[in-house]
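Analysis of the macromolecular model
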Amino acid sequence: MEKIILDGNIVAQDIKEKLKGRIEALKNNGIIPCLATILVGDNPSSETYVKMKGNACKKLGIHSIRVHLPEETTTKELLETIKELNEDASVHGILLQHPVPSHIDERMAFEAIDIQKDVDGVTSAGYGQTALGFGNFPSCTPAAIMEIIKYYKISTEGKHAVVVGRSPILGKPVSALLLNENATVTTCHSKTANLPEIIKQADLVVAAVGKPKFIQGSWLKEGAIVLDAGYNKGNIGDVDYETCFTAASAITPVPGGVGPVTIATLLKHTVDSAEKNMF
Ligand code: NAP
């Protein structure tokens, strides 16, 4: 059986290469694409993610504004910051780094983001549009998974896709995107009974569980395609890579799989948003 490593670095590079000319055209029209990231508190992983996103912007000539608010920020204060960024015409995308401290109403904060600048598809309107198959910006990780599928010409039509996880930013929207691409989708979660038996029926498995090495190779159908969105401490995915590699026909590694494509997708969405100011 031919084995394919679904290399996220290659897919991310391809997306970024295609953005270069578009960013140049924007600049020639006096527009510098700009992403604003909001980080609340001092979660070290979140700080790293925000830094990575800022660096990726810089490398491509996208302006990035980093708003770092203290841990004790209230929901009201966060909403004020979001409002300011919504009203700032030079900002094309707003990313509120998740999770925010538990005393903040995260849903309310997400909903405050202007849909035109919701480049990570976190608003309920953005999610609804994704599910209905229109709109601009699906959440970046689900969109990244679809980019990998597209780049490697993996056919989803009529295939049984099993998504493990149902979070609003990952499991649910990727289930919707796969459904829109004519897969037959089963979405699993912590209350799902007989998970290994359901996964055994999958042509394509998306792991979005948040538990290191959770999905075992013995649960897979021979030749299944595995997309691991997981990113746990120590660069470990949500699938047990060694055993899943043996059973799968194609698999994303961690690191170097879904992660870099997620960042490239965020840049793409920011450029898409900036272009709306040009035409
Ligand atoms: P999350 O909000 O914690 O959601 C986890 C989901 O997994 C929930 O729906 C939960 O079910 C389900 N689950 C938990 N235990 C389970 C079990 N034993 N069996 C079946 N389902 C179970 O996590 P998330 O934000 O979606 O993130 C998921 C993973 O993706 C994490 O590893 C995260 O680090 C990673 N991630 C990566 C990127 C990237 O750029 N690569 C971006 C975002 C997230 P319930 O709904 O029933 O609780």
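Here's what I pulled together on the structure shown here.

1. A look at the pairing of strand 7 (residues 204–207)
- Both faces of strand 7 are covered, namely the face carrying L204 and V206 and the face carrying V205 and A207.
- Where strand 5 (residues 160–164) lies against strand 7, four bridges are found, and the strand directions are parallel. In the sheet register, A161 faces strand 7, and the bridge partner there is L204.
- Note: strand 7 against strand 8 (residues 225–228), four bridges, orientation parallel. Bridge pairing in strand 8 places V206 opposite L227.

2. So, the packing of helix 6 (residues 140–151) against helix 7 (residues 171–180)
- Where helix 6 meets helix 7, the closest approach of the two axes is 8 Å, and the angle between their N-to-C directions is 35 degrees. Every pair of crossing elements has a handedness; the one defined by helix 6 and helix 7 is right-handed. The residues of helix 7 that touch helix 6, namely those facing P142, A143, I145, M146 and I149, are P173, V174, L177 and L178.
- Along the lines of polarity and charge, the residues of the contact of helix 6 with helix 7 split into nine nonpolar, no polar and no charged.

3. Re the packing of aromatic side chains
- On inspection of all chains with the given rule, the structure shows four aromatic pairs.
- Both rings, one in Y49 and one in Y231, keep their centres 6.1 Å apart while their planes meet at 55 degrees; by these two values the pair is tilted. Separated by 182 residues along the polypeptide, Y49 in helix 2 (residues 44–60) and Y231 in the loop between strand 8 and helix 9 (241–247) bring together distant segments of the chain.
- For the pair Y151 and Y152, a centre-to-centre distance of 5.2 Å together with 70 degrees between the ring planes defines the contact as edge-to-face.
- Residue classification places Y151 among the partly exposed residues on the basis of a relative accessible area of 34%.

4. Some words on helix 7
- Counting buried residues along helix 7, seven of its ten residues qualify, which places the element largely inside the surrounding structure.
- Within helix 7, the full set of buried residues consists of G171, P173, V174, S175, A176, L177 and L178.
- The elements touched by buried residues of helix 7 are helix 5 (124–132), helix 6, strand 5, strand 6 (184–188) and strand 7.
- N182, located one to two residues past helix 7, shows a positive phi value of around 70 degrees.

5. Brief notes about the pattern of salt bridges
- Inspection of the entire model under this criterion finds ten salt bridges.
- Across the pair R22 and D272 runs a salt bridge whose closest N-O atoms are separated by 2.5 Å. Here D272 lies in helix 10 (residues 258–275) and R22 lies in helix 1 (residues 8–28), a separation of 250 residues in the sequence.
- On the accessibility criterion, R22 (25% relative accessible area) is partly exposed.
- The class of D272 is buried, set by a relative accessible area of 17%.
- Note that E111 is salt-bridged to R107, the shortest N-O span being 2.6 Å. One end of the pair, E111, and the other, R107, are both in helix 4 (residues 106–111), four residues apart, so they sit about a helical turn from each other.
- One continuous salt-bridge network, built from bridges that share partners, spans R22, K268, D272 and E275.

The rules we used
Residues numbered from 1 in each chain as written. Predicted model: local features only at pLDDT ≥ 70, side-chain atom pairs only at ≥ 80, totals over all residues. Heavy atoms only, no water. Buried < 20%, exposed > 50% of the residue type's maximum accessible area, 1.4 Å probe, protein only. Helix = DSSP H or I, 4+ residues; strand = E, 2+ residues; numbered from the N terminus. Pairing = 2+ DSSP bridges. Axes fitted to C-alpha atoms, helices over the stretch in contact; angles between N-to-C directions. Left-handed = near helix turned anticlockwise from the far one by under 90°. Contact = heavy atoms within 4.5 Å. Nonpolar A, V, L, I, M, F, W, Y, C, P; charged D, E, K, R; others polar. Phe/Tyr/Trp six-rings, centres within 6.5 Å; stacked < 30°, edge-to-face > 60°. Salt bridge = Lys/Arg side-chain N within 4 Å of Asp/Glu carboxyl O.

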